[in-house]
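Residue-level structural notes
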Amino acid sequence: MRTWPVQALPPSALSAGHGVVRAVDSDHLYEKIQQDAAGFPVFADSAVIRYADLYGQPKREEFRVLLGMAQAYFPMIEKALRREGLPEQLKYLPMALSAMNTRAGSTTGEAGLWMLTYPVAVRYGLTVSAEVDERRNDVKSTMVAVRYLKDLHARYNDWQLAVMAFTCGPANVARAQDRTDGMSTYRLLYPYFDDAHREVLPTLMAFIHLTARAAELGITAVDVRPWGSVDTVLTEEAMPFPLVASVMEMSTEQLRHLNPVLCGDLIPAGPFFLPAGTGQRFTRLSDSLEQASVAKALLPEAVPTVDVDRSIHYRVRSGDNLGAIAQKFHVTVSQLKSWNGLRSDRINAGRQLVIHVRTKVPRTTVPDPDADSPTNSVVPRKDPTYGTRSYTVQSGDSLYSIAERFPGVSATDLMRVNGITAAIKPGQRIEIPAHP
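Conventions used here
Residues numbered from 1 in each chain as written. Predicted model: local features only at pLDDT ≥ 70, side-chain atom pairs only at ≥ 80, totals over all residues. Heavy atoms only, no water. Axes fitted to C-alpha atoms, helices over the stretch in contact; angles between N-to-C directions. Helix = DSSP H or I, 4+ residues; strand = E, 2+ residues; numbered from the N terminus. Left-handed = near helix turned anticlockwise from the far one by under 90°. Contact = heavy atoms within 4.5 Å. Nonpolar A, V, L, I, M, F, W, Y, C, P; charged D, E, K, R; others polar. Salt bridge = Lys/Arg side-chain N within 4 Å of Asp/Glu carboxyl O. Buried < 20%, exposed > 50% of the residue type's maximum accessible area, 1.4 Å probe, protein only. Phe/Tyr/Trp six-rings, centres within 6.5 Å; stacked < 30°, edge-to-face > 60°. Lys NZ or Arg CZ within 6 Å of the ring centre and 35° of its normal. Core = buried A, V, L, I, M, F, W, Y, C linked by side-chain atoms within 4.5 Å. Expected span 1.5 Å × (residues − 1). Polar contact = N/O pair within 3.5 Å; in protein donor to acceptor, adjacent residues only side chain to side chain.

Our focus in this paragraph is the packing of helix H8 (residues 159-168) against helix H11 (residues 200-212). The angle between the axes and the distance between the axes are what describe a pair of packed helices. Viewed as axis vectors pointing N to C, H8 and H11 meet at an angle of 115 degrees, and their least axial separation amounts to 10 Å. The way H8 lies across H11 gives a crossing that is right-handed. From H8, Val-163, Met-164 and Thr-167 reach across to H11, where they touch Val-200, Leu-201 and Leu-204. Looking at side-chain class alone, the contact of H8 with H11 contains five nonpolar, one polar and no charged residues.

Below you can see the structure in the form of structure tokens.
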């Protein structure tokens, strides 16, 4: 309900079209869901009844929005499923996994429309980095999800096991089977899944039922359009999302929605999307305002840092996987395996992993006994090939404006020679490096 497509709806959209509201009848629910799923394996228990009641009445508005999102995505998903010869009912999975939100994410590392894990995404060719996450590309993630579902069915030769492995991971399925003497049905296995995945299957069953009987229950879909026409524009330098949004007079949330695969704070150099009809305006503003320079000026002034290597110990929690841990600490799965002598991707809760990380930390500050010397000093690094001359900082000065007055000198030179950051104040004396 907090996503851009919903926030952009007119206020009347969520209050119109209620029709006759009917309560969800839970009598013989299992038989009804069997009819709704047309031969696909299903189940019904108290949890399924609870979710059917919840989204059929108290959260009916939320389900109307979800139904509208689903109707927008279903044609694309159905086509992909037909192409691989898979059951059409698999199209309901994203409803329960991500609420049809391409920017969805979880605490256990899944992301995107199909809530794919990092290892699965990379194994099937998607790019997942600090800047780009193609799990949030609806078309690419659907192609991967369909291939993964097909491979899981080939592995288990059973759709119940394949669906469970897709929604919660093969490790959850194996653990649940160990605790149930090898059972293979939804209803017997899902109570043994970890907390993060236990409710997915009953929610899925409830959503299948509510979607199939929406007309009968008086549930009308909200006309949600998760995508629209866009212009593709190009930037030569990385720019902050808020800057671009401000210049284009749009919200940052809308800009992020148009570019869901961009997951960092910056729009990296290269192509990105803007609302249709605004591309020429961006190009015009970019040229006239030298937008790349403006972007740099609006970024926080750099504080001198040093790279520090350190080792940390991480205790594996229930539901963890190597992909999610690697993504959290910005390392690779192969590095984790090498550092810890792992031969497979499987890890057990409670195990302690050694992780080597490289981080940037501020330079060590030192006391300044001289009132005329820099007040934010760090250990200076004098270059013996340089001579120096003194300069007293004036009101309105910055290191960058001072550097411009002395040919061959940069703000970085000033920070290095004086052992200071970019934060200076009037009256402060600094040394200006000069070639001999």
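Next comes the rest of the write-up.
Under the definition given, this model contains 16 salt bridges. Ionic pairing is found between Lys-140 and Glu-134, a salt bridge with its closest N-O pair at 2.9 Å. Glu-134 sits in the buried class, given a relative accessible area of 15%. Two residues, Asp-223 and Arg-225, come together in a salt bridge whose shortest N-O distance is 3.5 Å. Across this residue pair, the class does not change: Asp-223 and Arg-225 are exposed. Overlapping salt bridges bring together Asp-36, Arg-213 and Glu-216 as one network.

Before going further, it helps to spend a moment on helix H20 (residues 411-418). With respect to burial, H20 is a largely interior element, six of its eight residues being buried. Within H20, the full set of buried residues consists of Ala-411, Asp-413, Leu-414, Met-415, Val-417 and Asn-418. Following H20 by one or two positions, Gly-419 adopts a phi angle in the positive range, close to 65 degrees.

The residue Thr-211 is located in helix H11 in this model. With relative accessibility at 16%, the residue Thr-211 sits in the buried group. Setting aside chain neighbours within four positions, we find Thr-211 in contact with Phe-63, Leu-67, Phe-74, Tyr-92 and Met-95.

Now for the packing of aromatic side chains. Taken as a whole and assessed by the stated rule, the structure comprises 11 aromatic pairs. Between Tyr-55 and Phe-207 the ring centres are 5.1 Å apart and the planes differ by 80 degrees, which places this aromatic pair in the edge-to-face class. You can see Tyr-55 sitting in helix H3 (residues 46-56) and its partner Phe-207 sitting in helix H11, a full 152 residues away along the chain. Summarising the burial analysis for this pair, Tyr-55 and Phe-207 share the class buried. Clustering of aromatic rings is evident, with ring pairs tying together Trp-114, Tyr-124, Tyr-148 and Phe-166. Lying across the ring of Tyr-51, Arg-50 places its NZ or CZ 5.3 Å from the centre. Above the ring of Phe-241, the side-chain terminus of Arg-256 is found at 4.1 Å from the ring centroid.

This part is about the nonpolar core. By size, the foremost hydrophobic cluster in this structure holds 94 residues, and its most contacted members are Met-100, Phe-166 and Ile-355. By residue number, the principal contributor to this core is helix H4 (residues 60-83), which donates 11 residues. Among residues more than four places away in sequence, those in contact with Met-100 are Leu-66, Met-69, Ala-70, Tyr-73, Phe-74, Ile-77, Lys-91, Pro-94, Met-95 and Leu-113. Counting 15 residues, the second largest nonpolar core, distinct from the first, contains Val-244, Met-250, Leu-255 and Leu-285.

Moving on, we come to the side chain of Thr-203. Locating Thr-203 in the fold gives a position in helix H11. Relative accessible area serves as the criterion here: at 10%, Thr-203 is assigned to the buried category. Residues contacting Thr-203, with those up to four places away along its chain left out, are Tyr-51 and Ala-96.

What follows is about helix H7 (residues 138-156). The end-to-end C-alpha distance of H7, which contains 19 residues, comes to 26 Å, matching closely the 27 Å that a straight helix rising 1.5 Å per residue would cover. Along H7, the positions that sit buried rather than exposed are Asp-138, Ser-141, Thr-142, Val-144, Ala-145, Val-146, Tyr-148, Leu-149, Leu-152 and Tyr-156. As for H7, its buried residues are in contact with H4, helix H5 (93-98), helix H6 (118-123), H8 and helix H9 (170-179). You can read the cap of H7 off the contacts: a side-chain oxygen lies 3.1 Å from the backbone nitrogen of Val-139, and it is on Asn-137. One or two residues past the end of H7 sits Asn-157, with phi positive at roughly 55 degrees.

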